[in-house]
Amino acid sequence: MMNRKQLLRKLQMLDFAIQETALFLNSHPDDRQAMQYYQSAVKEREKTAKEYEHLCGPLTNRQNHSDSWEYSKGPWPWERED
């Protein structure tokens, strides 16, 4: 199991890959391999985000699905020491 820092790093890499592939697909919309890569990266990002949220809480305020405002609990990103 990855820790918080590793999960955030993986999310950053996946976000970059997704964005770059989307830009490529803008000029190559019929590239099936690129589309498969894009879809795979999106699925992996969703899975990684769920793992992060299970371990550490919501990534953003949009992922707060509880009856309380969980997003603001715990240390803020700049308050963490890891």
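Residues numbered from 1 in each chain as written. Predicted model: local features only at pLDDT ≥ 70, side-chain atom pairs only at ≥ 80, totals over all residues. Heavy atoms only, no water.

Before we go on, may I ask you to explain the side chain of Thr-48 in this structure?
By secondary structure assignment, the location of Thr-48 is in helix H2 (residues 32-56). A polar contact of 2.8 Å, which involves the side chain of Thr-48, links it to the backbone oxygen of Glu-44. Excluding residues that lie within four positions of it along the chain, Thr-48 makes contacts with Leu-7, Lys-10, Leu-11 and Leu-14. (Helix = DSSP H or I, 4+ residues; strand = E, 2+ residues; numbered from the N terminus. Polar contact = N/O pair within 3.5 Å; in protein donor to acceptor, adjacent residues only side chain to side chain. Contact = heavy atoms within 4.5 Å.)

Explain the pattern of salt bridges to me, please; I cannot follow it from the model alone.
Oppositely charged side chains can pair when the atoms bearing their charge come close. A full pass over the atoms with the stated rule returns two salt bridges. Put simply, Lys-10 and Glu-44 hold a salt bridge, and the shortest N to O gap is 2.6 Å. Linking Lys-10 in helix H1 (residues 4-27) with Glu-44 in helix H2, this pair joins segments that are 34 residues apart in sequence. Of the charged contacts, one joins Asp-15 and Arg-45 as a salt bridge, the two residues approaching to 2.5 Å between their closest N and O atoms. Here Asp-15, found in helix H1, pairs with Arg-45, found in helix H2; they are 30 residues apart in sequence, far enough to count as distant. Overall, Asp-15 belongs to the partly exposed group, its relative accessible area being 35%. What makes Arg-45 partly exposed here is its relative accessible area of 25%. (Salt bridge = Lys/Arg side-chain N within 4 Å of Asp/Glu carboxyl O. Buried < 20%, exposed > 50% of the residue type's maximum accessible area, 1.4 Å probe, protein only.)

Sorry, what's going on with the packing of H1 against H2 here?
For any two helices packed against each other, one specifies the crossing angle of their axes together with the interaxial distance. Relative to each other, H1 and H2 sit at 155°, their axes nearing to 9 Å. Viewed along their axes, H1 and H2 adopt a mutual orientation that is roughly antiparallel. The crossing of H1 and H2 is left-handed. Class assignment for the residues of the contact of H1 with H2 results in 19 nonpolar, two polar and six charged. (Axes fitted to C-alpha atoms, helices over the stretch in contact; angles between N-to-C directions. Parallel < 35°, antiparallel > 145°, perpendicular 65-115°, else oblique. Left-handed = near helix turned anticlockwise from the far one by under 90°. Nonpolar A, V, L, I, M, F, W, Y, C, P; charged D, E, K, R; others polar.)

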